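Observations on the model geometry
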Amino acid sequence: MSQQTQTQPEPQAAPTARRGGAVWALVITSVAGFMAALDNLVVTTALPSIRDDLGGALHDLEWTVSAYTLTFAVLLMTGAALGDRFGRRRLFLTGLTIFTGASAAAALAPGIDSLIAARAVQGVGAAIMMPLTLTLLTAAVPVARRGMAYGIWGAVNGLAVASGPLIGGSLTEHISWQWIFWLNVPLGAALLPLARLRLAESHGTGARLDIPGTLLASGGLFGIVYGLVRGPSDGWTDSVVLLALFAGAALLAAFVLYSTRAKNPMLPMRLFRSRAFSGINAASLLMFLGMFGSIFLLSQYMQGVLGYSPTEAGLRMLPWTGMPMLVAPIAGILSDRIGGRPVVATGLFFQAAGLAYMASVVTVDASYAVQLPGLILSGIGMALFFAPASNLVMSSVLPKEQGIASGANNALREVGGALGIAVMASIFSSQGGYASGQSFVDGLRPALVTGAAVVALAGAAALVIPSRKRGVVPEAREGERVLEPAAG
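If you're wondering where the values come from, they're calculated on a predicted model, not measured in any experiment.

**A closer look at the overall build of the protein chain**
Helix and strand content of the protein chain: 19 helices and zero strands. When the 488 residues of the protein chain are sorted by exposure, 59% land in the buried category. Sequence-distant contacts, at least 24 apart, represent 83% of the contacts inside the protein chain between residues at least 6 apart. When the accessible surface of the protein chain is totalled, it reaches about 17800 Å², and 66% of it is carbon and sulfur.

Written out as structure tokens, the structure reads:
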């Protein structure tokens, strides 16, 4: 590891404790993470109402979802790098301000184009603040209690991702679609002064910002995510889609090559020599691929085929989407006691089993009682994954590298989510469609089977992570020899 001539202090628990304690940090970072994660899928059930108010073609409506995903995924590592360089609390406040202001702009949007623009700016704010929530939380909480803290943080974020369609549908059905965005404004306004007063500032290595690496990573992620977002609607052989995918892949390959040779890269490639870091990131990408695509299609199945309203569909998915609030804190405690690997792997195999079960029982008139075991299995699996996964990411690197590690993990999750929706939508379209309930089910079944297989593959990737007994939690200081990081 290269030595720095002047290294900023590593994040410690004590400074934050003096300014309000780990509890304040947990509340602030969890609520901020909830807002950022919620906006991934919150718009999906509101699209018909948005079209009625603002007009726009199907292509435009898709971009109200995709604009956020695109900027969010592309800039996550950049946001983490900026936080490491200029101060994590300072950049967290900047990202939160951008996100809150863009939410108000989205609620006030007079037309579909201005709504898409506001959603893109929302994604920028979320990309800056989201990876820093985990880094700031890690700095605030003593090592012995991080598993429980990650459990609560993971539960809140997992609930936000999975309950987006329910919250969006309920607000749209009972108030108006604008309240999907207004909801963020009072939360953001309340968090800003709390974060300023209760969070301690921390930095990363103190090295210069890696501008070439930032441009290569951002450009590569933009090409990949843009191609994935446009593929299902424009066709995978469309020239623009192919150009975006190939250019994105080329830029990411250049980023990897550059990062292996740069003195202070934004994402040191040596991190991937760690089986713990590589394993949990592979598992995270595959998990989000299977989960996002499945929720995207199942929420439509419950409304379009079974005839539930958006609120009714969301409520019936609570055994899946609400389970993290009950199980994830327990999963965090378990990861502290037995290590993260067995908890994460068990959760992934549970979710794979739940999706496989759902694929076997979905019909045009399936009763809720028949679906319930699959929903519960998937919910427990998702809950067992979120908290230990966060713990594994943060414990697989040195404290000063936790910001960029969090950013990389979140970026891979978002790319996995975008890939999941694209892949599942393509499988669905090739085998079925929206012509009838039976046609929808014919497309849904193979898509869910694919999701189950992908999540099972994520479980296999998690088993690659070394066990706790074979690793050392990397609390070492600069210059010390660090062994293979622990599994949580």
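**Let's talk about the packing of aromatic side chains**
Tallying each qualifying case throughout the model produces four aromatic pairs. The interplanar angle of 55° and the centroid separation of 5.5 Å between the aromatic rings of Tyr-68 and Phe-72 together place this pair among those described as tilted. Here Tyr-68 and its partner Phe-72 are both found in helix H4 (residues 58-86), four residues apart, which amounts to about one turn of the helix. Through a chain of ring-to-ring contacts, the aromatic side chains of Tyr-301, Phe-428 and Phe-440 assemble into a single cluster.

**A look at the nonpolar core**
Phe-92 and Tyr-301 are the most contacted members of the largest nonpolar core, which has 130 residues in total. Per-element accounting of this core gives the leading share, 16 residues, to helix H12 (residues 275-305). Dropping the residues within four chain positions of it, Phe-92 is found in contact with Ile-28, Ala-32, Met-129, Leu-132, Thr-133, Leu-136, Ala-195 and Leu-199. Of all hydrophobic cores here, the second largest spans six residues; its members include Val-327, Val-343, Ala-383 and Leu-384.

**Focus on the confidence of the model for the protein chain**
Mean pLDDT over the protein chain works out to 77, with 82% of the residues at or above the 70 mark. Put simply, helix H1 (residues 13-18) is where the protein chain has its lowest mean pLDDT, 41, and helix H19 (residues 437-462) is where it has its highest, 91. Taken as a whole, residues 1-20 scores under 50 in pLDDT and shows 52 contacts with residues more than four places along the chain or in a different chain.

**Points about a nonpolar patch on the surface**
The grouping of Val-23, Trp-24 and Val-27 at the surface amounts to a nonpolar patch, some 270 Å² of accessible area in total. Inspection of the secondary structure assignment puts Val-27 in helix H2 (residues 21-38).

**Some remarks on the packing of helix H5 (residues 88-107) against helix H6 (residues 112-140)**
Relative placement of two packed helices is described by the angle separating their axes and the distance separating the axes. Remark: H5 packs on H6, axes separated minimally by 7 Å, with the N-to-C direction vectors making an angle of 150°. Relative to H6, the element H5 is oriented roughly antiparallel. The chirality of how H5 crosses H6 is left-handed. Across from Arg-88, Arg-89, Leu-91, Phe-92, Gly-95, Leu-96, Ile-98, Phe-99, Ala-102, Ser-103, Ala-105 and Ala-106 in H5, the residues of H6 making contact are Leu-115, Ala-118, Val-121, Gln-122, Gly-125, Ala-126, Ile-128, Met-129, Leu-132, Thr-133, Thr-135 and Leu-136. Each residue belonging to the contact of H5 with H6 can be placed in one class, and the counts come to 16 nonpolar, six polar and two charged.

**Remarks on the side chain of Ser-103**
Within the secondary structure, Ser-103 is located in helix H5. Exposure remark for Ser-103: the relative accessible area of 0% places this residue in the buried category. In contact with Ser-103, other than residues within four places in its own chain, are Gln-122, Phe-181, Asn-184 and Val-185.

**Focus: the side chain of Asn-281**
For Asn-281, the location among the structural elements is in helix H12. Judged by relative accessible area, Asn-281 falls into the buried class, the value being 3%.

**Topic: the environment of Leu-392**
Tracing the backbone shows Leu-392 in helix H17 (residues 368-395). For Leu-392 and Ile-465, which are 73 residues apart along the polypeptide, the C-alpha to C-alpha distance reads 9.1 Å.

**As for the packing of H12 against H19**
As a packed pair, H12 and H19 sit with axes 8 Å apart at the nearest point and diverge in direction by 160°. On the basis of their axis angle, the class for H12 and H19 is roughly antiparallel. Of the two possible hands of crossing, H12 and H19 adopt the one that is left-handed. Split by residue class, the contact of H12 with H19 holds 20 nonpolar, six polar and no charged.

**Details of the environment of Asn-40**
For Asn-40, the location among the structural elements is in the loop between H2 and helix H3 (47-54). Sequence separation between Asn-40 and Thr-69 is 29 residues; the distance between their C-alpha atoms is 6.5 Å. In contact with Asn-40, not counting residues within four places along its chain, are Val-65, Tyr-68, Thr-69, Phe-72, Arg-119, Phe-292 and Glu-414.

Basis of the calculations
- As a convention, each chain's residues are numbered from 1 in the sequence order in which they are written.
- The predicted nature of this model means local features are confined to residues of pLDDT at least 70 and side-chain atom pairs, given and counted, to a pLDDT of 80 or more, with totals for whole chains, interfaces and linings taken over all residues.
- Excluded from the side-chain calculation are hydrogens and water; included are all heavy atoms of the structure.
- Helical segments are the DSSP runs of H or I of at least four residues, strand segments are the runs of E of at least two, and each set is numbered from the N terminus.
- Relative accessibility thresholds used throughout: buried, under 20% of the residue-type maximum; exposed, over 50%; partly exposed, between the two (1.4 Å probe, protein chains only).
- Note on contacts: a residue pair is in contact if any heavy atoms of the two residues lie within 4.5 Å.
- In short, Shrake-Rupley with a 1.4 Å probe defines the accessible areas, and a residue's cover is counted only from the protein chains shown.
- Think of it this way: a Phe, Tyr or Trp ring, Trp meaning its six-membered ring, pairs with another when their centres are within 6.5 Å, and the plane angle makes it stacked under 30 degrees, edge-to-face over 60, tilted otherwise.
- Among buried residues, the Ala, Val, Leu, Ile, Met, Phe, Trp, Tyr and Cys ones that are joined through side-chain atoms within 4.5 Å form a nonpolar core.
- Per-residue confidence from the predictor is given as pLDDT, running between 0 and 100.
- Grouping into patches uses exposed residues only, defined as over 30% relative accessible area, and leaves out salt-bridged ones; the cut-off is 9 Å for like charges and 5 Å for nonpolar side chains (Val, Leu, Ile, Met, Phe, Trp, Tyr).
- Salt bridges, as used here, are contacts in which a Lys or Arg side-chain nitrogen is within 4 Å of a carboxyl oxygen on Asp or Glu.
- Only the stretch in contact is used when a helix axis is fitted, and all axes are lines through C-alpha atoms; the angle between N-to-C directions ranges over 0 to 180 degrees.
- The scheme is simple: roughly parallel for angles under 35 degrees, roughly antiparallel for over 145, roughly perpendicular for 65 to 115, oblique for anything else.
- Handedness of a crossing is defined here by the sense of rotation of the near helix relative to the far one, left-handed for an anticlockwise turn of less than a right angle and right-handed for a clockwise turn.
- Residue classes follow a fixed rule: Ala, Val, Leu, Ile, Met, Phe, Trp, Tyr, Cys and Pro count as nonpolar, while Asp, Glu, Lys and Arg count as charged, and any other residue, Gly among them, counts as polar.

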